[in-house]
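Given next are the chains, with one letter for each unit.
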Amino acid sequence: MNFRTFAAFVGPSVLMMLLFIAFPLISVFKQSFYITQPIYETVEVETCTPGFLTQTCVTEDVSQPKLDEHGEIITQTQYVGLQSYRNVLEPERTWRAISEGSLNVLSTINFWKALRFTLTFTLITLPLVVGCGLGIAVLINNAARTIRGPVIFVSLLPFIITPVIGVLSINWLFRGDGILTAMLEWWLNRDIALFAQAWTIEVLMMLYRVWHVAPFAAIVFYAGLQTVNQDSLESAVIDGATRWQRMKYIVIPHLMPLIIFVSMIHLMDSYRVFEEIVGFSSQGYVISLQWLTYDFLVPDQAGNRSVSRASASAMLTMIGIVILLILPLRRTWRDHKGGH
Amino acid sequence: MKLKTILMAGAMSLATSTAWAACSFENEVPLKSLSAGFEAWKAVTDAMAECGNFSASLDQEFREKQPEAFAADPALYQIGGVSNATLVPLLNAGTIRPLDDLVEKHGQNLLPNQLIKVDGKTMAVAMMVNAQHLMYRDDVLAELGIEEPKTYDDVLAAAAKIKEAGVMDYPIGGTFKTGWNLGQEFVNMYMGEGGAFFGGGNMPAINNDQGVKALETLKAMTEYMDPEYLVSDSTYVQQQFQQGKIAMANLWASRAAAMNDEAESQVVGKVTMAAAPMGSAVPATTIWWDGIVLASNMSDEEADAAFRVALEGMDADTVGANNDVAVWLSTAYTPGDLAAGAAASAEGGAKAYPASGPMGIMHTALGNGLADYLTGAKDAPTTLADIEADYITAAKEAGLISN
Amino acid sequence: MSSRALRQPFSLRLTSNIFLVLWCLVAAFPIFWITVMSFKSPVDAFESNALNVIFGPATLATGNGLSLLDIILGVAMIWATASLVTKRLPSMVRSYSKPGQEWFGWVIGVLAALVGFLLVFLVILPAILNVLNPIFGPLGRDVLGLTTEHYKTVWIDRGFSNNFKNSLIVTVGVVTVSLTVGTLAGYGLARSGSALAFWILIVALVFRALPHSVLVAGYLPVFINSTEWLRPILGENAPTLYGKPFAVIAVLVAINQPFTIWMLRSFFQNIPAELDEAARVDGCNHFQAFRRVIMPVMWPGVITTGLFSFLLAYNDFLVTSLLLDAQNQTMVPAIVGMFNRETTTTDQVVAVAAAVSITAPLIFLVLIFQRQIVSGLTAGAVKG
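What counts and how
Residues numbered from 1 in each chain as written. Chains lettered and ligands numbered in written order. Predicted model: local features only at pLDDT ≥ 70, side-chain atom pairs only at ≥ 80, totals over all residues. Helix = DSSP H or I, 4+ residues; strand = E, 2+ residues; numbered from the N terminus. Rg over C-alpha atoms; globule rule 2.2 N^0.38 Å. Buried ≥ 20, exposed ≤ 12 C-beta atoms within 10 Å, placed from the backbone. Contact = placed C-beta atoms within 7 Å. Pairing = 2+ DSSP bridges. Right-handed = clockwise from strand over helix to strand, strands pointing away. Nonpolar A, V, L, I, M, F, W, Y, C, P; charged D, E, K, R; others polar. Axes fitted to C-alpha atoms, helices over the stretch in contact; angles between N-to-C directions. Parallel < 35°, antiparallel > 145°, perpendicular 65-115°, else oblique.

Asker: Help me understand the overall build of chain B in this model?
Answerer: Looking only at helices and strands, one finds 17 helices and eleven strands in chain B. What you see for chain B is a C-alpha radius of gyration of 22 Å, in line with the 22 Å of a compact globule of 403 residues. Projecting the C-alpha coordinates of chain B onto the three principal axes gives extents of approximately 65 × 60 × 40 Å. Per-residue burial for chain B yields a buried fraction of 61% across its 403 residues.

Listed below in structure tokens is the structure:
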């Protein structure tokens, strides 16, 4: 395929990605080295607000941004180098915490707290999702042909449900005296508050994520199981291989590309864990990297937002994901070269 | 759902789009509004829609959209719903217009109290006030012979008694959800202690005795609260009240009506509204208002129409029909028992929420930083020092503190 | 596993099936539960005793409920419809529609069945039961509290149908554009061994991994002020992109491109390159080869990929909540709005009803396309 044909095929897709992903990304990259801020002046202002019967008026010094002749806020942009990265990483405090050997202090610094949770979350759910997915796929494949359809349908439900709503429904089931918590309490005969400490919330989040993603893994693996070579399975039986050996030496290697595919998708998705934090409102206990970026970006009630810090933390998040992806990508490179 | 009701609803929606029943004039200028989405705004914007050519966005992202949408030329929304805090960015950017001439022309029915004046110019018209105040279960306290709690020591003592008597495991409810809610709780306590948030040059000044006292009171309360307090927002506290699980909470006045809602509440008529508990200086609460602003980037004719429609939205009819939804600022409002708590707090000298640019950052820093103290990860001075450091970083980035 | 040599002992099959049942319970329970909640009064819905939620005493006390007779007839009716649709509908569609246009027959058939079912279930059946219930004494007494008022609030009072329409526009737009653009790109990437193709794929993968909140916040000011910066190009008609469904469609398509092109590329790689090479020997250029040879065999993979695009667009919250205003708001942000505003418990149950309403189309979709998803995946839409 010559370059022009290739460009014609790929062009529209690449253009959209450039426009809506690459350009914003470049501006984020740039913003992480600059700070844009209004120029403030201090003025004395009298403000009157309603009381119940009369108004209360106060006169105080207020910082107000200066406006230019068009009535727009005058801003100045200034190169600050790695200052924003430093503000996110807080190297001094981190260093102090490490040299004192107190992990507790380290875990109160937002970035490290978020990184710790994001990595734990990703690395614990990964084997669970692959394992559960494989298990469910094998179970479905074992079931009688007539019930496979309905079973696949039910299995897919957790995957298709809108994430926001999935999180909320788990929330209702467990929060306060939600019925599942109430059942647990009745069963264990003790008071349980699942949202009152970090580890239970983390476990809940991970369970939710596995519940949500395992069906996807399962359906992919199930599709893979349909193409396992029956002849080699049968000859393995004749050679006296046990079920477990057949699984290990024939089925798993056959599914390996799919396992890598699912793992990669899951790595990327769980690394940007976000809905769980918001849905379980767990900010007090655990936060994730994407949540941290989001929190910098959301304006407070007075309209301030920390764009530079958000950009820096977004860039740091991206470096992390690239590191995580390097290993699986080396294989893709070999495939790509070998495929042609 | 019956077919008939569906048809009826269809017919109704047709009818409302052609007739302007309750509006005194027919609006011909296309208008849009952007505001928060709580009950009072729903009532007010519904009433505005009766004038025709009006569409309302009750948007949970309004905080993020409003400054941008009002800065656009022409503004994407003509009418904005703000509170004392969300007024700040619009005021700073100069994207809202002074309303004095319009008030003079159309605002005969407005109370002087409703006009929000900044440097002598009317920049917004308030429609309601809101404040957190004490709500308590009359029956539970009376049975144990407890007087109405006046201070937080009283509240804690009452909670101890209720717990001891075995009436409830967790007698206190609190809107302690990490983030804005928790920050607001600290602001209440700290203001009650008479503290000031800032020194000169927007530098933070919360790491002091009042700050520590406020933190300690918050922590003492959590002893009597459901251990999941860090995820409980006002809706959740309201629900706990309705289900009879808690006996006392410092909850928003706009939530009072829900206690007597027959369809949801199991404690109808049993909840009394009282002033917010006293801190060392004033009642530990802050007074908020909600109201409307008009964008600068539109023609004077549009502004005229927008102002008339907005007034129509908060006129006597609306207030009369939704009397208990909020503590309205209107001649038509008859304050009932439900408003007693807010009124008593104000009489006790409660301060208005000190909204400003720096305060926005401070509130966020507080909301994110306090959880570490309540979970025991840090002690009080460290917590406050870390919050101050966090504030300084953000304020420097925003340009509010010079480097 | 048809072969005799692979037959499993009974005990293994039993354990396997027990686990499968357990999994199905876990998978379906939360969805089942919010469905139950959505039919109850607020007091019942948030009750901590599970039995009270199911039987709904408070809902029953307000006079809304079902008798045993209602339940028996209702279940019978659902069962009858289901068997009618699965047994009779396919043959009817086949006999009435022209060959090649069967999909149209299916659309008509399914619509007719749906309308007929709703009419009988919601109008005729209740009318009959109103007469029957008093006659049957204890059988006709209400035992199960159940109310549809929350659905009425959602769909009629809150105008949720408008949100539904907007969701439909956005979703259909994203799926169509995303597949059109993505199929071309996927094919191009699969048939090119150049280093450029590889790097496009790698960069796409990194884009796939990006946290969306980073990108989305950057769009808002640009979209709101678009009239100003578009004016030099488009003149006075320059649109405000904020609040326009097509702008949101473009953003979602872009965000979804990386995954789409990866999926479709692997799928096209599994179609032997000899196929289109043979066509090119016959004198077709790449595009003609694509149209004549590849298009007829690509549908399983495209449908599977399309389903993922559908899920992304339908379920999106971050982009739609920020870039659309109330008049063209889609369903997910509308529901989240119901929770975030100063809610009452009733509002929450109404939101639960809305949540169930938005899940229903997804369930239908999976019912219809389930077989294609599996066959599409089997045909190799995913090969890592």
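Asker: Would you take a moment to explain the overall build of chain C for this structure?
Answerer: Secondary structure summary: chain C contains 19 helices and two strands in total. By its C-alpha atoms, chain C is 80 × 70 × 45 Å across when sized along the principal axes. Partitioning the intrachain contacts of chain C with sequence separation of at least 6 by distance along the chain shows that 74% fall at a separation of at least 24.

Asker: Help me understand the pairing of strand E1 (residues 31-35) of chain B in this model?
Answerer: On a regular strand, one side chain projects to one face of the sheet and the next to the other, so that they alternate. All names here are of chain B. The buried count for E1 comes to five of five residues, which makes it a mostly enclosed element. Both faces of E1 are covered, namely the face carrying Leu31, Ser33 and Ser35 and the face carrying Lys32 and Leu34. Pairing of E1 with strand E2 (residues 54-58) involves five bridges; the strand directions are parallel. Following the sheet pairing, serine 33 is matched in E2 by alanine 56. Traced from E1 through helix H2 (residues 39-49) to E2, the parallel crossover comes out right-handed. In this structure, E1 lies alongside strand E3 (residues 79-83), joined through two bridges in parallel fashion.

Asker: Looking at this structure, how should I read the pairing of strand E8 (residues 271-274) of chain B?
Answerer: All names here are of chain B. Residues Val271 and Met273 of E8 are buried on one face, while the alternating residues Thr272 and Ala274, pointing to the opposite face, are not. Pairing analysis gives four bridges linking strand E5 (residues 121-137) to E8, with the strands arranged antiparallel. Across the sheet, tyrosine 136 pairs through a bridge with threonine 272, a residue of E8.

Asker: What's the story with the interface of chain C and chain B in this structure? I'm lost.
Answerer: Many structure descriptions define interface size as the accessible area lost when the parts assemble. Across the contact, 30 residues belong to chain C and 29 residues belong to chain B. Breaking the side of chain C that touches chain B down by element, the ones donating at least two residues are helix H2 (42-45), helix H7 (102-135), helix H8 (149-157), helix H11 (212-224), helix H17 (318-323), helix H18 (331-340) and helix H19 (345-381) of chain C. For the side of chain C that touches chain B, the per-class residue count stands at 14 nonpolar, twelve polar and four charged.

Asker: In this structure, what is going on with the interface of chain C and chain A? I would like to understand it.
Answerer: Of the residues lining the interface, 75 residues belong to chain C; the matching set on chain A comes to 78 residues. Here the side of chain C that touches chain A takes 14 residues from helix H1 (residues 10-38) of chain C, the largest share from any one element. When grouped by side-chain class, the residues that make up the side of chain C that touches chain A number 52 nonpolar, 19 polar and four charged.

Asker: I tried to follow unusual backbone geometry on my own but got confused; where do I start?
Answerer: Negative phi values dominate among residues other than glycine, just as trans dominates among peptide bonds. All names here are of chain A. In this structure, glutamate 90 is a non-glycine residue whose phi angle is positive, near 45°. Of note, glutamate 90 is situated in the loop between helix H2 (83-89) and helix H3 (91-99). Here glutamate 90 falls in the partly exposed class, since 18 other C-beta atoms lie within 10 Å of it. With a phi close to 35°, serine 281 is a non-glycine residue in the positive phi region. Examined against the element boundaries, serine 281 turns out to sit in the loop between helix H12 (275-279) and helix H13 (289-297). Owing to 22 C-beta atoms within 10 Å, serine 281 belongs among the buried residues under this scheme.

Asker: Help me understand the environment of Ala360(C), please; the structure alone is not making it clear to me.
Answerer: Along the chain, the position of Ala360(C) falls in helix H19. Judged by the 10 C-beta atoms lying within 10 Å of it, Ala360(C) is exposed.

Asker: Hey, could you run me through the environment of Gly133(A) in this one?
Answerer: Residue and element names in this part refer to chain A. Here glycine 133 is to be found in helix H5 (residues 110-142). It is 7.1 Å that separates the C-alpha atoms of glycine 133 and phenylalanine 221, two residues lying 88 residues apart in sequence. Apart from the residues within four sequence positions on either side, glycine 133 is in contact with Ala214, Ala217, Ala218, Phe221 and Val262.

Asker: Explain the packing of helix H7 (residues 163-174) of chain A against H1(C) to me, please; I cannot follow it from the model alone.
Answerer: Think of two packed helices as two axes; the pair is described by the angle between the axes and how far apart they sit. Put simply, H7(A) and H1(C) touch, their axes get as near as 10 Å, and they point 80° apart. Between H7(A) and H1(C), the angle is such that the two are roughly perpendicular. Of the residues in H1(C), those touching H7(A) at Ser169(A), Ile170(A) and Leu173(A) are Pro30(C), Trp33(C) and Ile34(C). Along the lines of polarity and charge, the residues of the contact of H7(A) with H1(C) split into five nonpolar, one polar and no charged.

So far we have only geometry, and geometry alone does not tell us how the molecule works.
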